[in-house]
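Examining the three-dimensional arrangement
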Amino acid sequence: MNIHEYQAKDLYRQYGVPTAQGFPAMSVEEAVAAAEKLPGPVWVVKSQIHAGGRGKGKFKELGADAAGGVRVVKSVEDVVKNATEMLGNTLV
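Read on for a plain summary of the structure.

Describing the overall build of the chain
Across its full length, the chain holds three helices and two strands. Listed by position from the N terminus, the elements making up the chain come as α-α-β-β-α. Whereas a compact globule of 92 residues would reach a radius of gyration of roughly 12 Å, the chain reaches 13 Å, a difference of no more than 12%. Along the first, second and third principal axes, the C-alpha set of the chain runs to 40 × 30 × 20 Å. Considering the chain as a whole, with its 92 residues, one finds that 26% of them fall into the buried category. Considering only contacts within the chain whose residues lie at least 6 apart along the sequence, 58% involve residues at least 24 apart. Element-wise, carbon and sulfur atoms account for 57% of the exposed surface of the chain, whose accessible area totals about 6,100 Å². Side-chain charges in the chain split into 11 positive and 10 negative, and the spacing between the mean points of these groups amounts to 8 Å.

Description of the side chain of Ser 75
Within the element layout of this structure, Ser 75 appears in the loop between strand 2 (70-73) and helix 3 (76-86). Of the polar contacts made by the side chain of Ser 75, one reaches the backbone nitrogen of Asp 78; its length is 3.0 Å. When sequence neighbours within four positions are dropped, the list of residues in contact with Ser 75 reads Pro 41 and Trp 43.

Details of the pairing of strand 1 (residues 43-46)
Where burial is concerned, the two faces of strand 1 differ: the one with Trp 43 and Val 45 is buried and the one with Val 44 and Lys 46 is not. As judged from the four bridges shared by strand 1 and strand 2, these two strands associate in the antiparallel manner. Along strand 2, the bridge assignment pairs Val 45 with Arg 71.

Section: the nonpolar core
By size, the foremost hydrophobic cluster in this structure holds ten residues: Ala 31, Ala 35, Trp 43, Val 45, Phe 59, Val 73, Val 79, Ala 83, Met 86 and Leu 91. For this core, the secondary structure elements donating two or more residues are helix 2 (28-37), strand 1 and helix 3. It is helix 3 that contributes the most residues to this core, three residues altogether. When residues no more than four places from it in sequence are discounted, the contact partners of Val 45 are Gly 69, Val 70, Arg 71, Val 73, Val 79, Ala 83 and Met 86.

Calculation notes
- Residues numbered from 1 in each chain as written.
- Predicted model: local features only at pLDDT ≥ 70, side-chain atom pairs only at ≥ 80, totals over all residues.
- Heavy atoms only, no water.
- Helix = DSSP H or I, 4+ residues; strand = E, 2+ residues; numbered from the N terminus.
- Rg over C-alpha atoms; globule rule 2.2 N^0.38 Å.
- Buried < 20%, exposed > 50% of the residue type's maximum accessible area, 1.4 Å probe, protein only.
- Contact = heavy atoms within 4.5 Å.
- Areas by Shrake-Rupley, 256 points an atom, 1.4 Å probe, with all protein chains shown as cover.
- Lys, Arg positive; Asp, Glu negative; His and termini not counted.
- Charge placed at Lys NZ, Arg CZ, Asp CG, Glu CD.
- Polar contact = N/O pair within 3.5 Å; in protein donor to acceptor, adjacent residues only side chain to side chain.
- Pairing = 2+ DSSP bridges.
- Core = buried A, V, L, I, M, F, W, Y, C linked by side-chain atoms within 4.5 Å.

What follows is the structure in structure tokens.
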């Protein structure tokens with residue numbers, strides 16, 4: 001089956017499997033809204049691709065020193081910064 005993490009979590013919840021809360025975001029505004037629904041002060045901003053090793057991956061369009069596809073942030077401002085970098089770019 002080829003599904004994203006957020007889709008798998010929805011399936012788990014349907015069958016009563018305890019699952020960490022999270023929300024998919026297709027825009028920076030949706031990422032901020034998601035962060036505001038979740039308790040802080042730490043959030044994780046993740047790319048959703050059909051591959052393992054997202055944290056080790058790099059975005060083609062960003063510099064070699066840019067962070068990968070899984071980022072731990074400690075403020076809503078950092079959610080904005082990281083979602084802006086990640087959305088619309090290609091994780092390889």
